[in-house]
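So the chains spell out like this:
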Amino acid sequence: MNRVKAILLVANEMAVFRNARIEGSIEKAWRALERAHIISQLHIGLHLNSHWEMLKFAVAVHDAREISGQLARLVLAPLGTLTGRIPKGNTGRSNVSAFAPMPIPDDLRDVIEEGAR
């Protein structure tokens, strides 16, 4: 998927995230951030920004484990992106290994694979 398409898709997920925060739906907000992370993985700036947004949200909801996990991922993300060792589909959260590939949601997989053709 090209960078422009990724930027647009991440922007859509961030809008969902902001609306979920306004609604007070923490679970829905995290899900949108996870989806933004999956989309952003192949683009270093977007990837770092997704972890930055996760860190800010973790601070806002006082989640010490997530704060710690996001700080570590902010260090690891550039290395993974630059070396091509990104675990595809990984949600980027601290409740999963930073190195584990995960299934990509069907709707995102279709868009990501469409750009690869």
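Residues numbered from 1 in each chain as written. Predicted model: local features only at pLDDT ≥ 70, side-chain atom pairs only at ≥ 80, totals over all residues. Heavy atoms only, no water.

J.: Can you help me understand the packing of helix α3 (residues 44-60) against helix α4 (residues 64-83) in this one?
T.: Each pair of packed helices can be described by the angle between their axes along with the distance between the axes. One can describe the packing of α3 onto α4 by two numbers: an axis separation of 9 Å at closest approach and a directional angle of 175 degrees. Between α3 and α4, the interaxial angle falls into the category roughly antiparallel. In contact with Ile44, His47, Leu48, His51, Trp52, Met54, Leu55, Ala58 and Val59 of α3, α4 contributes Glu66, Ile67, Gln70, Leu71, Arg73, Leu74, Ala77, Pro78, Thr81 and Leu82. The residue inventory of the contact of α3 with α4, partitioned by class, reads 13 nonpolar, 4 polar and 2 charged. (Axes fitted to C-alpha atoms, helices over the stretch in contact; angles between N-to-C directions. Helix = DSSP H or I, 4+ residues; strand = E, 2+ residues; numbered from the N terminus. Parallel < 35°, antiparallel > 145°, perpendicular 65-115°, else oblique. Contact = heavy atoms within 4.5 Å. Nonpolar A, V, L, I, M, F, W, Y, C, P; charged D, E, K, R; others polar.)

J.: Sorry if this is basic, but what is going on with the pattern of salt bridges here?
T.: Two side chains bearing opposite charge may form a pair once their charged atoms approach each other closely. Inspection of the entire model under this criterion finds 7 salt bridges. The partner of Arg93 in a salt bridge is Glu66, and the shortest N-O contact between them spans 3.0 Å. Residue Arg93 is found in the loop between α4 and α5 (106-116), and its partner Glu66 is found in helix α4; the two are separated by 27 residues along the sequence. Glu66 carries the same exposure label as Arg93, and that label is buried. Among the ionic pairs, Arg109 bridges to Asp106, the shortest N-O distance being 2.8 Å. Of this pair, Arg109 and Asp106 both sit in helix α5, separated by 3 residues, roughly a single helical turn. We classify Arg109 as partly exposed; its relative accessible area is 29%. (Salt bridge = Lys/Arg side-chain N within 4 Å of Asp/Glu carboxyl O. Buried < 20%, exposed > 50% of the residue type's maximum accessible area, 1.4 Å probe, protein only.)

J.: So what exactly am I meant to see when it comes to the environment of Val10 here?
T.: Within the element layout of this structure, Val10 appears in helix α1 (residues 3-23). Taking the relative accessible area as the measure of exposure, Val10 reaches 10% and is therefore buried. Here the alpha-carbon distance between Val10 and Asn95, two residues 85 residues apart in the chain, equals 21 Å. Look past the residues within four positions of Val10 in its chain and what remains in contact with it is Ala36, Ile39 and Ser40.

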